[in-house]
Amino acid sequence: MTTTFITGANKSLGYETARRLIEAGHTVLVGARDPERGRAAADALGARFVQIDVTDEASVAAAAADVEAREGRVDVLINNAGVSGTHRPAEEITAADAGEVFEVNVVGIVRVTHAFLPLLRKSANPVIVNVSSGMGSFAATHDPGRAEGRAVAPLYTASKAAVTMLTTQYAKSWPDVKVNAADPGYTATDFNGHSGPQTVTEGTDAIVELATLGADGPTGTFRDRHGAMPW
């Protein structure tokens with residue numbers, strides 16, 4: 001049985017990823033910051049809830065200890081938790097705004113990955129999926145024909161560019177662990193007021209694909225539901 005831990009799994013992409021992986025036979029641990037929402041989501045899915053705040057060192061350590069005590073290992077870690085940050089004009093963005101976005105979207109991945117890596121290394125086929133975005137792609141954000149090329153979101157885009165680079169560097173550092181980044185694409189979620197043209201199921205296609213890689217699967221890649229993403 002494949003044991004999968006997902007951060008930010010109480011709604012939207014995280015919840016749908018959990019649902020699909022449970023359907024595929026995974027034992028899914030629903031990680032969420034809010035205990036009430038996390039438990040409700042886990043109960044609805046038939047999963048186990050694990051409280052985790054990716055911005056809090058003690059919370060992440062406690063979550064890893066909980067999983068070690070109960071499941072003993074993790075086969076798949078999906079770093080899904082993220083925030084969009086402020087929507088104010090660029091000239092009004094402050095260092096505090098930047099700290100808030102990067103603390104969740106980038107530092108949170110480092111914090112969770114560091115805590116869960118020993119559990120992943122107990123797996124015969126350890127996999128990490130970092131949920132990045134085409135909004136962090138230089139190619140996509142400079143293409144006026146794409147939605148990413150028409151959007152302006154300095155902090156979110158910069159944080160997702162960092163997530164993708166972090167992914168490739170982790171992949172180079174750990175040959176024994178497959179580490180890949182997924183771009184959900186423009187999906188109808190709370191992030192965009194449900195304005196995206198893709199369904200949440202379509203938005204999780206790349207995440208699920210990368211979470212179910214076999215032992216001979218790739219590492220260090222950046223993919224959306226259609227294939228390799230330009231960087």
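Procedures and definitions
Per chain, the residues get numbers from 1 upward, laid out in the order the sequence is written. In view of the model being predicted, local features appear only for residues whose pLDDT reaches at least 70, and side-chain atom pairs are presented and counted only at 80 or more, with totals across whole chains, interfaces and linings using the full set of residues. To get the side-chain values, take all heavy atoms of the structure and skip hydrogens and water. To get an axis, a line is fitted to the C-alpha atoms, and for a helix only the part in contact is used. The angle between two axes follows their N-to-C directions and goes from 0 to 180 degrees. Secondary structure elements follow DSSP: runs of H or I no shorter than four residues count as helices, runs of E no shorter than two count as strands, and numbering proceeds from the N terminus. Comment on the angle field: the value is read as roughly parallel under 35 degrees, roughly antiparallel over 145, roughly perpendicular from 65 to 115, and oblique elsewhere. Take the far helix as your reference; a near helix turned counterclockwise from it by less than a right angle gives a left-handed crossing, and one turned clockwise gives a right-handed crossing. Residue contacts are counted whenever heavy atoms from the two residues lie within 4.5 Å of one another. Under the grouping applied here, Gly and all other residues not named as nonpolar or charged are polar, the nonpolar ones being Ala, Val, Leu, Ile, Met, Phe, Trp, Tyr, Cys and Pro and the charged ones Asp, Glu, Lys and Arg. Buried means the residue's accessible area, taken with a 1.4 Å probe over protein chains only, is under 20% of the maximum for its type, while exposed means over 50%, and partly exposed covers the values in between. Here, strands pair whenever DSSP counts at least two bridges between them. When the strands point away from the viewer, a crossover counts as right-handed if the path from the first strand over the helix to the second runs clockwise. Under the rule applied, a polar contact is a pair of N or O atoms within 3.5 Å (in protein, one hydrogen donor and one hydrogen acceptor; residues adjacent in sequence only if both atoms are side-chain atoms).

## A closer look at the packing of helix 4 (residues 95-120) against helix 7 (residues 154-173)
Argument step 1. One way to put it is that helix 4 packs onto helix 7 with a least axis distance of 9 Å and a crossing angle of 20 degrees. The orientation of helix 4 relative to helix 7 falls into the category roughly parallel. Handedness of the helix 4/helix 7 crossing: right-handed. Residues Asp-97, Ala-98, Val-101, Phe-102, Asn-105, Val-106, Ile-109, Val-110 and Thr-113 of helix 4 form the contact with helix 7, whose own contacting residues are Leu-155, Tyr-156, Ala-158, Ser-159, Lys-160, Ala-162, Val-163, Leu-166 and Tyr-170.
Argument step 2. Residues belonging to the contact of helix 4 with helix 7 are distributed by class as follows: 13 nonpolar, three polar and two charged.

## Structural notes on the packing of helix 1 (residues 12-23) against helix 2 (residues 35-45)
Argument step 1. Between helix 1 and helix 2, the least distance of the axes is 10 Å, while the angle of their chain directions is 30 degrees. Looking at the two axes, helix 1 sits roughly parallel to helix 2. Seen along the crossing, helix 1 lies across helix 2 with a hand that is right-handed. Across the interface between the two elements, Tyr-15, Ala-18, Arg-19 and Ile-22 from helix 1 touch Ala-41, Ala-44 and Leu-45 from helix 2.
Argument step 2. For the contact of helix 1 with helix 2, the residue count by class is six nonpolar, no polar and one charged.

## Some thoughts on the pairing of strand 1 (residues 3-6)
If a strand is regular, its side chains alternate between the two faces of the sheet.
Argument step 1. Residues of strand 1 alternate between two faces, with Thr-3 and Phe-5 on one and Thr-4 and Ile-6 on the opposite face, all of them buried.
Argument step 2. Relative to strand 2 (residues 27-32), strand 1 runs parallel, the two sharing four bridges. Bridge pairing links Phe-5 to Leu-29 in strand 2.
Argument step 3. Following the chain from strand 1 across helix 1 to the adjacent parallel strand 2, one finds a crossover that is right-handed.

## Notes on the side chain of Glu-16
Argument step 1. Take Glu-16: it is sitting in helix 1.
Argument step 2. Residue Glu-16 is classed as buried on the basis of its relative accessible area, which comes to 7%.
Argument step 3. A polar contact of 2.7 Å, which involves the side chain of Glu-16, links it to the side chain of Arg-19.
Argument step 4. Glu-16 has contacts with Val-200, Thr-201 and Thr-204, leaving out every residue within four places of it along the chain.

In short, the description is geometric, and any link to function would need to be established separately.
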